Amino acid sequence: MLKIEQKVPIYRRVKQELNSDEVDEKNNFQKFQAPRGTDNISVEDSKFMRYIRKIFFKLAEERGFEEVFIPAFEDVELFKRSVGEGTDIVEKEMFLLEERKEGQEKKFALRPEATAGICRKYIESGWVNLPQPVKVFFFGEVFRAERPQAGRFRQFYQLDLETLGSKSPVSDVEIIKFAWDFLEKLGLKNLRLEINSIGCPKCRPKYIENLRAHFESYEKSLSEESKARMKKNILRILDSKDEKDIRVANLAPRSTDFLCPECKEHFDSVKNSLKNSNINFEINHKLVRGLDYYTKTTFEIMPYDDFEGPKSSLAGGGRYDNLLEMIGGRSTSAVGMAMGVERIMAELKSQGIEPKFAKKRVYVAFIGKEAESESVKLSATLQSAGFKVLKPSASLGISAQFKEANKLGVEWVVMLGEHEIETNTLILKELKTGVQSVILREKVIEELVSKFQVEDDE
RNA sequence: GUGGUCGUAGCUUAAUUGGCAGAGCAUCGGAUUGUGACUCCGGAGGUUGAGGGUUCAAGCCCCUUCGAUCACCCCA
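Let me begin by describing the structure that accompanies this report. These figures come from a predicted structure and were not determined experimentally.

**Overview of the pattern of salt bridges**
Okay, so step 1: Under the criterion given, the structure shown has 24 salt bridges.
Okay, so step 2: A salt bridge links R236 to D239, with the nearest nitrogen and oxygen atoms 2.6 Å apart.
Okay, so step 3: Note on R236: relative accessible area 30%, which makes it partly exposed.
Okay, so step 4: Overall, D239 belongs to the partly exposed group, its relative accessible area being 33%.
Okay, so step 5: With a shortest N-O distance of 3.5 Å, K271 and D268 are connected by a salt bridge. With K271 and D268 both in helix α11 (residues 261-276) and three residues apart, the pair spans about one turn of that helix.
Okay, so step 6: Overall, D268 belongs to the partly exposed group, its relative accessible area being 27%.
Okay, so step 7: One network of salt bridges, in which partners are shared, links D172, K202, E262, K296, R319 and D321.

Written out as structure tokens, the structure is:
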């Protein structure tokens, strides 16, 4: 065994050996930190991520959605156009990239969400020619140059579901029901669904007009921020956190009272289908979207606490009948939703829900050369029977092998030695209880299957 | 972008008025080459986030910066 003498940390040794004047310490010895708001998933969290993704993929595929891959960055104009005026998202909250080529200036932005990229792909790849509607899902990281706070990061994961090319309220309900069922399948309790309809370009102007008249008549009672919102983005006053604003907003006219016949029928149909699906919902008249391309249905799902009321939302979505046209496609109706994966993870933890994976893991221990080659055969047999087989990571003594099995959290250990080979048996030990038994080699699969009360992992 | 609080080993943290950076857990090795956890013994692990200043002396005081956290702005 090599013994390494390293009493002095490497950076100090180098520093001592070199003349410190010759060393640019900053460049050679800098300790790195993760960029702000990016390192939000620990190794322990990875099993939550895998659990969430597994259930999402399974449900999406069951319900006829196809996975879609999109670039991590797109032309900044794509996002600009979809975001619209009256918000400082582009200037303040997107990561901008520049391509440096002589005489050219092309700007890109890291994707701040998935919808715009998916719509671009729909147009560019000619998905209009596929059977409509096109149903897709997405799971990946998105980027926002915000100051991090609770549940808000600069790089985080979103899962996303879109149905493109359908005007029907059936699609709205399909998306909402997916979001609801997905969160329930994860094991979350106390969920609350809120819906609203914000109309379309035909009926919304009349609503905005009435809303403006209302807020103008109460202007003195509004906060300073909301006075500014009157000009910039009046709908946002409705979800202000300021108590003065809340009082005025509660008296404000409701978008659902101004819906045109088409939008009203659509909203009624959504409500009826939800009732028929036995999904409870509340109508939240203040649930609006700040961006122009949203039409008709909006919804959010959040955990609800009997004492504290609704918590911040886990899922949000709605209909966007105007987006595809705004970014250069044919007029195409669409509806979708997105969830922040870290927020779901945080809620799972706060509700005490642990990710469940079937643990069909077996550690194969052996003593002696002969047993080693037998254990290779045995491992293969176990693997082909669907068990996850773990073997000693190095040539370890039997004591160390058990130690390792324990460290890995394996429940069952199979052990082979000279005695066992002679008698064609093996020892099967449950680590939790310490109980072990000698069984015939042929019976091992049968025995383990019964121990695990097999539950399908995939 | 604005404001508050915070940063000591992988994790949780101690350090009196500015006076030798210490522990628990985890890790590694040994007691233990046919049995892990429990136990006992031992080792390793720290430029106190980074840079500068004040001081005989800085984890502690001051400035800058990076990061974390909370609220605001914003929320696709």
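Next comes the rest of the account.
**Here's the deal with helix α13 (residues 341-350)**
Residues lying three or four places apart along an α-helix face the same way, a consequence of the helix completing one turn every 3.6 residues.
Okay, so step 1: Listed in full, the buried residues belonging to α13 are V341, E342, I344, M345, E347 and L348.
Okay, so step 2: Buried positions along α13 lie against α3 (46-62), β5 (134-143), β6 (155-164), α7 (169-185), β9 (295-305) and β12 (334-340).
Okay, so step 3: Where α13 terminates, the next one or two residues include G352, which has phi positive at roughly 70°.

**Topic: the protein's contact with RNA strand B**
Okay, so step 1: Residues in close proximity to RNA strand B total 49 residues, the closest being G37, R152, R229, R236 and L431.
Okay, so step 2: Among the atoms of RNA strand B close to the protein, meaning within 4 Å, 56% are from sugar or phosphate groups.
Okay, so step 3: In the model, a base nitrogen of RNA strand B is placed 3.0 Å from a nitrogen or oxygen of the N406 side chain.
Okay, so step 4: Going through the elements one at a time, α5 (89-93), α9 (224-232), α15 (398-407), α16 (418-423) and β16 (425-430) are the ones with two or more residues in the surface near RNA strand B.
Okay, so step 5: If you tally residues by element for the surface near RNA strand B, the top one is α15, at six residues.
Okay, so step 6: Among the residues forming the surface near RNA strand B, the class breakdown is 16 nonpolar, twelve polar and 21 charged.

**Regarding helix α14 (residues 369-384)**
Okay, so step 1: Compared with an ideal rise of 1.5 Å per residue, which puts 16 residues at 22 Å, α14 spans 24 Å between its outermost C-alpha atoms and is within 8% of the ideal.
Okay, so step 2: Turning to α14, its buried residues number three or more, namely A371, E374, S375, L378, S379 and L382. Looking straight down α14, one finds its buried side chains confined to an arc of 155°; they lie on one side. What points out from α14, more than 90 degrees from its buried face, is the exposed set K369, K377 and S384.
Okay, so step 3: The inward-facing, buried residues of α14 abut β13 (361-366), β14 (388-390), β15 (412-416), α16, β16 and α17 (444-452).
Okay, so step 4: One or two residues past the end of α14 sits G386, with phi positive at roughly 100°.

**A word on the packing of helix α4 (residues 76-83) against helix α6 (residues 115-124)**
Okay, so step 1: Look at α4 against α6: their axes get within 10 Å of each other, and the N-to-C directions meet at 110°. If you check the angle between α4 and α6, you find them roughly perpendicular. Residue-level contacts link L78, F79 and S82 of α4 to A116, G117 and R120 of α6.
Okay, so step 2: Here the residues of the contact of α4 with α6 are counted per class, giving three nonpolar, two polar and one charged.

**A short note on the side chain of D160**
Okay, so step 1: Turning to its location among the elements, D160 is positioned in strand β6.
Okay, so step 2: Buried and unpaired, D160 has no salt bridge, with R144 as the nearest side chain of opposite charge at 8.4 Å.
Okay, so step 3: Among residues more than four places away in sequence, those in contact with D160 are F56, A114, T115, I118, V136, F137, F138, M337 and A338.

**A closer look at the environment of K231**
Okay, so step 1: Counting through the fold element by element, K231 comes out in helix α9.
Okay, so step 2: Residue classification places K231 among the exposed positions, given a relative accessible area of 76%.
Okay, so step 3: Here the alpha-carbon distance between K231 and R212, two residues 19 residues apart in the chain, equals 9.5 Å.

**Description of the pairing of β15**
Okay, so step 1: With five of five residues buried, β15 is to be regarded as a mostly interior element.
Okay, so step 2: Burial of β15 is two-sided: the residues W412, V414 and L416 facing one way and the residues V413 and M415 facing the other way are all buried.
Okay, so step 3: The sheet contact formed by β13 and β15 spans five bridges and is parallel. Bridge assignment links V364 to a residue of β15, and that residue is V414.
Okay, so step 4: In this sheet, β16 lies alongside β15 in antiparallel orientation, the contact comprising four bridges. Across the sheet, the residue bridging to V414 is L428, located in β16.

**Topic: the environment of F299**
Okay, so step 1: By the element assignment, F299 lies in strand β9.
Okay, so step 2: The exposure class of F299 is buried, given its relative accessible area of 1%.
Okay, so step 3: For the pair F299 and D172, spaced 127 residues apart in sequence, the C-alpha to C-alpha distance is 9.7 Å.

Each value, and the rule that gives it
Residues numbered from 1 in each chain as written. Chains lettered and ligands numbered in written order. Predicted model: local features only at pLDDT ≥ 70, side-chain atom pairs only at ≥ 80, totals over all residues. Heavy atoms only, no water. Salt bridge = Lys/Arg side-chain N within 4 Å of Asp/Glu carboxyl O. Buried < 20%, exposed > 50% of the residue type's maximum accessible area, 1.4 Å probe, protein only. Helix = DSSP H or I, 4+ residues; strand = E, 2+ residues; numbered from the N terminus. Contact = heavy atoms within 4.5 Å. Near = heavy atom within 4 Å. Polar contact = N/O pair within 3.5 Å; in protein donor to acceptor, adjacent residues only side chain to side chain. Nonpolar A, V, L, I, M, F, W, Y, C, P; charged D, E, K, R; others polar. Expected span 1.5 Å × (residues − 1). Arc of directions from axis to C-beta. Axes fitted to C-alpha atoms, helices over the stretch in contact; angles between N-to-C directions. Parallel < 35°, antiparallel > 145°, perpendicular 65-115°, else oblique. Lys, Arg positive; Asp, Glu negative; His and termini not counted. Pairing = 2+ DSSP bridges.

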